[in-house]
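Fold and contact review
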Amino acid sequence: MVKWVYSFGEGKAEGRADMRALLGGKGANLAEMCNLGLPVPPGFSITTEICTYYYVHDRSYPPELSDQVVSALAELSERTGRFFGDFGDVEGPLLVSVRSGARASMPGMMDTVLNLGLNDETVEALAKGADRRFAYDSYRRFIQMYADVVLGVDQRLFEERLDDFKDERGLVADTDLSGDDWAELTHDYKVIVTRERGTTFPQDPNEQLWGAIGAVFASWMNPRAITYRRLNDIPEDWGTAVNVQAMVFGNMGETSATGVAFTRNPSTGEKALYGEYLVNAQGEDVAAGSDKPSLQAAMPSAFTQFENVCKILERHYRDMQDLEFTIERGKLWMLQTRSGKRTGKAALKIAADMADEGLITREEAVARVDPMALDQLLHPTIDPEAARDMIATGLPASPGAASGEIVFTPEEAETLKASGKKVILVRVETSPEDIHGMHAAEGILTTRGGMTSHAAVVARGMGKPCVSGAGNIRVDYEAQTLAAGGRVLKKGEIITIDGSSGQVLAGAAPMRQPELSGEFARLMEWADVCRRMAVRANAETPADARAARSFGAEGIGLCRTEHMFFGASRIVAMREMILADTDDGRRAALDKLLPMQRADFVELFEIMRGLPVTIRLLDPPLHEFLPKSEDEVAEVATAMGVEPARLRDRMHALHEFNPMLGHRGVRLAISYPAIAEMQARAIFEAAIEVGQRSGEAVTPEIMVPLVMTRPELDRVKALIDATAAAVNAERGVNLAYSVGTMIELPRAALRAAEIAESAEFFSFGTNDLTQTTFGLSRDDASAFLADYTKAGILAADPFVTLDRDGVGELIRLATERGRQTRAALKLGICGEHGGNPASIDFCEEVGLDYVSCSPFRVPIARLAAAQAALKRK
């Protein structure tokens, strides 16, 4: 027979801490505390497998569960000397709590019922053993909680009746009510239940118990639990356990109390007890708090015992613990222990301190810190205590928070920035020509686009917050307004964006500035010892490159050269090249760009001295460099000395219905080889100049994008090699370099063995590879991908977390086939997945040599890469 119920109590238990998948975290830890001999009220856990059964079988239970629960209740009665549901002898009623307990901690997300077992008869028996006030206070709490959780009666009805009752009698606090008052209110509460439900409040404790058990299992699928699981990547099929435990009471007078505590400060990591308690109160009262003496002063004996328990549990679990406890008439009872949630700052300090104390190893310290928690340390965040006037939500596209005046054009952003003002750039969507305004803004808000849209990618690279895809906002460029939720905000008004949550707020929210502690540097050093993969950065500006080095990047894995052409002094020459009718005309324009491009690479090579730099040849379609509106066309035509009609004709000629799959990447180098020649020459001349100046050779890596066939790569590689030979001859040197390609198309992955005959390295461009594998537009899919993840069709947004089964299979296949051809083939990833811990884990699994991500994600990638390596030791 399958065992569905596991008992614990009196220093022994049928479960253990390592059975959390079956017993849930709470049940496993209650069992473990019993096994440690700590004071735990006895009880039993109904396994998570019942939760699975419950949903598979139309919210019903296996036939044998009832007998196992009856048996566990009998054992519980024997351990406590009290009786449950036995109306023949109610001198010592057994009251229980019924609580959830998932494998992963989900605080407050599911339901709890306390004081279960009380009815019109057992309340009188409880009064005999304690006092009337306590008994009826407990009964009215139970009715309110059970009616809310199990029967679906709005608890505000009970709160309103309590407030009215106190007003009628001139009473102020709950403590002013007598036993008779609570008895009268209990009657009123039952009347509310009958009125709202059409049935009387259940008096049979067994009926109460099964109602509460069903409510807890049902709460696994309540909206807040579903949302919490989605936000914290907790699988739906894990289910929750149900824990039934003998009640102990913190509301039995001035020698009783209830509280919560952490063995270390969860905000700072300081090694000191941190918590709160209330005298003469039950668990749900603790959150209210009050001014009171310390527990040590109020109940010294119980505090000494509690302090000792905290030390035992922290040593045993080798982690900071989050505890719930009750003191009943001077006796301490432990109700829960679990690894405590903590801020990123506290996580670093606790891990480093515990390693110093010898409680854990350095490797364990590295494994303990959630890489994404480092975001709190690298970006400003909104003060968690601050009120939020939220007007809209979008996608959390780039972490951090910022406030500023609303502006709608990049030019406005740049102008106001120059005058010392802070701005938020609001666009329907951004394009490469907005780069100057994005750089000037404190943050970026777009109404369209996904997690890998232009705005998201560029903002992450700059370390600026970004909320993208805020589809409930309407932007009116002409009126210079944004509207959301019935509110209209004008240019110049202040908003705050939270790129970590996707929230858009009215007004300036108070901020907390990032702090990098000494523990951060130490943990990063320990992580670097553990990891196998290198971590590079996606960077093309000097500021990006310096930030990357400061965060520990080991090179540049992707330099997007197109971003270098949008400066005011360069865009004119770029447009001249695009408008040129002949190859000579194009080359004349490119000759103007050559010294600018060479200077860009000189600065990058100098900043990244001694580290590899991978430079991608021009990738986006040429129309992205041309003006968009009629006013812009007229302005550009005047500046260039050409007729607007000519400019419009060229724009029409370059127009594409699907530019992401159009004339871009390697296809530009095939059609316009002079562009690739200019870029290659700029790279080689810059590398030689820096090498000669520093005495340290620079070995550039040139990457050809969007290759689908080997002949394409061969043709462009021949052009690069010829340019290298010419530059070497001119300078009298023999510069070493390598040529590789981005694997961004399924065909390229499938033909990796053939492509590797020419390519010296592969870099998986997972943004485009995800697009082309799924057939999704990364800029448009955000409108419906949430429906897919909510329905369980997709486990996660594939543009955020790498799709192992599809995209991952192509990467695995290309890795294997490429290395069969070229054993020393260098392999990396440079899409946005390079900064995602789950995706980095996959990169370690398939044996890539490096990941590359935005500069501000480098620490996250370093830590995630270390954890991925440790996982496979």
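No experiment lies behind these values; they were computed from the predicted model shown.

What follows concerns a negative patch on the surface. Negative charge collects at one region of the surface, where Glu159, Glu160, Asp163, Asp164 and Asp167 lie side by side. By the element assignment, Glu160 lies in helix α6 (residues 156–169). Note on Glu160: relative accessible area 46%, which makes it partly exposed.

For Glu10, which is not a glycine, the phi torsion comes out positive at approximately 55°. Note that Glu10 resides in the loop between β1 (5–9) and β2 (12–13). At Gln480, a position not held by glycine, the phi torsion is positive, near 60°. On the secondary structure map, Gln480 appears in the loop between β18 (474–476) and β19 (481–484).

What follows is about the packing of helix α22 (residues 630–640) against helix α23 (residues 644–654). Packing of α22 against α23 leaves a shortest axis separation of 9 Å and a crossing angle of 120°. Comparing their axes, α23 and α22 come out oblique. Handedness of the crossing formed by α22 with α23: right-handed. Here Glu630, Val633, Val636 and Ala637 of α22 lie close against α23, whose contacting residues are Pro644, Leu647, Arg648 and Met651.

This part is about the pattern of salt bridges. Within this structure, the stated rule accounts for 74 salt bridges. Ionic pairing is found between Lys190 and Asp120, a salt bridge with its closest N-O pair at 2.7 Å. Of this pair, Lys190 sits in helix α7 (residues 179–197) while Asp120 sits in the loop between β5 (112–116) and α4 (122–129); the two residues are 70 residues apart in sequence, bridging distant segments of the chain. On the basis of relative accessible area, Asp120 is assigned to the partly exposed category, the value being 38%. Glu519 is the salt-bridge partner of Lys349, the closest N and O atoms lying 3.8 Å from each other. Of this pair, Lys349 sits in helix α12 (residues 344–356) while Glu519 sits in helix α18 (residues 518–530), and the two are 170 residues apart along the sequence. Using a relative accessible area of 16% as the deciding quantity, one classes Glu519 as buried. Each of Glu562, Arg616, Asp619, Arg664, Asp768 and Arg778 takes part in salt bridges that share partners, so that together they form one network.

Reading the values: the criteria
- Residues numbered from 1 in each chain as written.
- Predicted model: local features only at pLDDT ≥ 70, side-chain atom pairs only at ≥ 80, totals over all residues.
- Heavy atoms only, no water.
- Patch = residues over 30% accessible without salt bridge, like charges linked within 9 Å, V, L, I, M, F, W, Y side chains within 5 Å.
- Areas by Shrake-Rupley, 256 points an atom, 1.4 Å probe, with all protein chains shown as cover.
- Salt bridge = Lys/Arg side-chain N within 4 Å of Asp/Glu carboxyl O.
- Lys, Arg positive; Asp, Glu negative; His and termini not counted.
- Charge placed at Lys NZ, Arg CZ, Asp CG, Glu CD.
- Helix = DSSP H or I, 4+ residues; strand = E, 2+ residues; numbered from the N terminus.
- Buried < 20%, exposed > 50% of the residue type's maximum accessible area, 1.4 Å probe, protein only.
- Axes fitted to C-alpha atoms, helices over the stretch in contact; angles between N-to-C directions.
- Parallel < 35°, antiparallel > 145°, perpendicular 65-115°, else oblique.
- Left-handed = near helix turned anticlockwise from the far one by under 90°.
- Contact = heavy atoms within 4.5 Å.

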